[in-house]
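Fold and contact review
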Amino acid sequence: MAKAFRASAGILLAPAVTLIGVFVVVPMLLTIWLSFQDWSTQTPFSDASFTGLGNFREIFGPTSVGRDFKTALLNTAIYTALSVVLILPLSVVFGLMVYQREVAGGTALRTVLFSTYMVPMIAVALVWSKLYAPSEGPLNQLLGLIGIGPQPWLSSPRSALVSIVFLNVWQQVGYFTVLAIAGLTQIPGSLYEAATLDGANGREQFRFISLPLLRRTLLFSAVIAIINAVQVFEPVALITQGGPVGSTNVLTYHIRRVGIERAQGGLGSAMAVMLMLSLIVSVSALFAFVNRKDSE
Amino acid sequence: MSLAWISKLALAAGLVALPATGWAQSVNISYLTHWSPDTVALLETAAKDFSKEHPDVAISVRAVPFGDLLTTLRSQGGSSDGPTIGGIYDLWLPELARDKLVAPAPDAVAAEVKSAWPAGVVSAASVGGTLYGIPNEIDVYALNYNKELFKEAGIAAPPKTWAEFKDAAAKLTNKDKGQQGFGMINSWAAGVVHPFASLLVSNGGNLVKDGKPALDSPQAGETFALYEDLIKSGASNPAMATADANTTGPFLDNFVSGKTGMIIMANWWESALKTGMGDKFANVATAPIPVGPSGDKPHSISYSWMTVVNAKAGEAEQKAAWEFLAWLNSPKSGKSGASAMSDILMSMGILPSRSSDIEAHKDKLSSEFLSGYVSVLADARPFPVVPGGQEFSESLQQTLEALQYGQVSAKDAQANAQADATSILERAAK
């Protein structure tokens, strides 16, 4: 009986497992294999020659290859950290605002917030590149009205990456607000009623009821926000081309430049493997942190 | 005749004509370019003219931003379904030829090109003596300046030496008006490197000499120091220098709106200036690159573009592509003895490279703006076309941008640029 069950389960799972294997596992394994090869993306795999850890030594080495990779890795880490740090609290704040039934126009606000997520990135990039324009840009004109001088935004290596983060936060926060609202709806109303009877004010209810019970939702949001941020590509490709001085050169854009434009497939694969490892470590660390808090 | 009979006859005629129609469009070729929609429309018109004489060939044109052109060629050029024809920058040719993405020109085309184009341009379209593309445009750098701003600053003539150049840049700088004397460019490799290289060759130096980087020369040191001086004195503001993926952006906006007094740019931006400035375009003048303390006379950097054919395309597609390109670049296809390609290029202010096209467009090339470029062409030095050239260019771009933003000194920038270039060119040569 159990044998027949296992056989039929295997048959039912086979199509999905095969598809995942072909389209997910094989490309990942191929990338890992290529990261140890000297290979041009314009030549067949059979032309690849084994170089051991040569590609990894080069991307962490002192030459321009290593310097550019380390800068791109750091830029990606900063972009991801800033995005998550800004998006998660804002999504909770907006979620609370929209979730409060007594707030007038809650549905309209929810629609407006989510609509930014539906705008294609090409449109967002075009609009924001004009908003950030140094002289005639609306943002600097608005700042001028309140006596603040023009800001360089995308024109300075000190502010360009942060400017791209703002763009990302603007576009993504609506989606994460919807996730926060979904989390808030899971919290039983009786908990708030009991807390009110016990004399807890709004701030205390948020701190001791909403926030702890939103933990799982926030963990999910954080993981998705990290993955989205690590994969950032379009705004960099469309607006800054990684500049100025490589300050917005993130890993996905850099891998595309090395792996496709320069056809250095081995180096590009080594960089992709490092990106994958960084992502795995970051997400695992996040899960470990939350699980430890849960067990405490 | 009844309606039923007419219908049957029409159907029969249609069935007979159908195979002929199918054969009439039996070869489909595509042309990948980075040109703007207006220019693409001109190319499409030329393609239709060709198809009238060659009804068996259908040509479609596809445009991508300049920043995506090489990537598109690399990612799609390895397939028979990729673009059949691509417009490429000469710096990319050695690696595209090495990776067998571009096809050698047929003997007849090669013979025609060798006889009708200047030898230097033919050489830039060749690798190891084999011609891979039909050259079309040649671009050269010169100093553009705003005559109105010069007049306001009391400067009578464009600077001829670096001393005069620095003096003019200082006089043209007015921080209260948000005005800079000399406009640098950043976030675009050629836009950063070519103006620097033009100043370097006008100071007697070279980027690459005998296949090896020459950025450790005293002439290069003086050029890095010039950049440092311009930045430190405030005569050049890097925040006004940004370019976007379409090679436009703040650096162009600032020159167009009269906030940049001088800039070193190539002739092809004439159309962008005309669009942005309207009647004020008359304020723009062109002058040779100022000569540095170690230079003998004005020199600048030139580079060329060419059209290549996808080596992985089918035999019929390759044949049709070469026929189309030979026609497009021949005196038969354009107006008054010019090629259709040169007419398209001249609409953007780009200099054609075929000798007969230069003659055919003599009048337009003598305009105030373009004549300044034509006059410096004879003493221009081709940008070094070497394996690893694009990576070398991007690496030097990073170093120059770091210098622009004060992250490194001129001395360190020179040392970094030479070390990076040595490592990149050595690796690419392996």
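Predicted model only: the values in this text are computed from it and were never measured. (Residues numbered from 1 in each chain as written. Chains lettered and ligands numbered in written order. Predicted model: local features only at pLDDT ≥ 70, side-chain atom pairs only at ≥ 80, totals over all residues. Heavy atoms only, no water.)

**Quick word on the environment of B:T161**
Residue and element names in this part refer to chain B. Assignment of secondary structure puts T161 in the loop between α7 (147-152) and α8 (162-172). A residue is classified by how much of its surface remains accessible, and T161, at 31% relative accessible area, is partly exposed. For the pair formed by T161 and S202, sequence separation is 41 residues and the distance between their alpha carbons is 9.5 Å. In this structure T161 touches P290 and V291, once residues within four positions along its chain are discounted. (Helix = DSSP H or I, 4+ residues; strand = E, 2+ residues; numbered from the N terminus. Buried < 20%, exposed > 50% of the residue type's maximum accessible area, 1.4 Å probe, protein only. Contact = heavy atoms within 4.5 Å.)

**A word on α8(B)**
All names here are of chain B. Among the residues making up α8, those that are buried are W162, F165, A168, A169 and L172. Taken down its axis, α8 places every buried residue within 120 degrees of arc, on the same side. Residues of α8 that are buried make contact with β6 (133-146), α7, β7 (180-183), α9 (189-201), α10 (218-232) and β10 (260-266). (Arc of directions from axis to C-beta.)

**Points about the nonpolar core**
Across soluble globular proteins, nonpolar side chains have a tendency to be buried as a group. Grouped together as the largest cluster of nonpolar side chains are 134 residues, with contacts concentrated most on B:F224, B:W269 and B:F324. Ranked by the residues each element gives to this core, the list is headed by α9(B), at eight residues. Two domains each donate at least three residues to this core, and these are domain 1 (24-138 + 304-365) and domain 2 (139-302 + 372-429) of chain B. Each residue touching B:F324, except ones within four places of it in the same chain, is listed here: B:I29, B:Y31, B:A46, B:A47, B:F50, B:I59 and B:I85. If you look at the next biggest cluster of nonpolar residues, it comprises 45 residues, including A:F56, A:V84, A:L161 and A:L275. (Core = buried A, V, L, I, M, F, W, Y, C linked by side-chain atoms within 4.5 Å. Domains from an automatic or database assignment.)

**Thoughts on the confidence of the model for chain B**
Taken over all residues, the pLDDT of chain B has a mean of 90, while the share at 70 or more is 94%. In this model, residues 15-23 of chain B is a region of pLDDT below 50 whose contacts with residues beyond four sequence positions or in other chains number one contact. (pLDDT = per-residue confidence, 0-100.)

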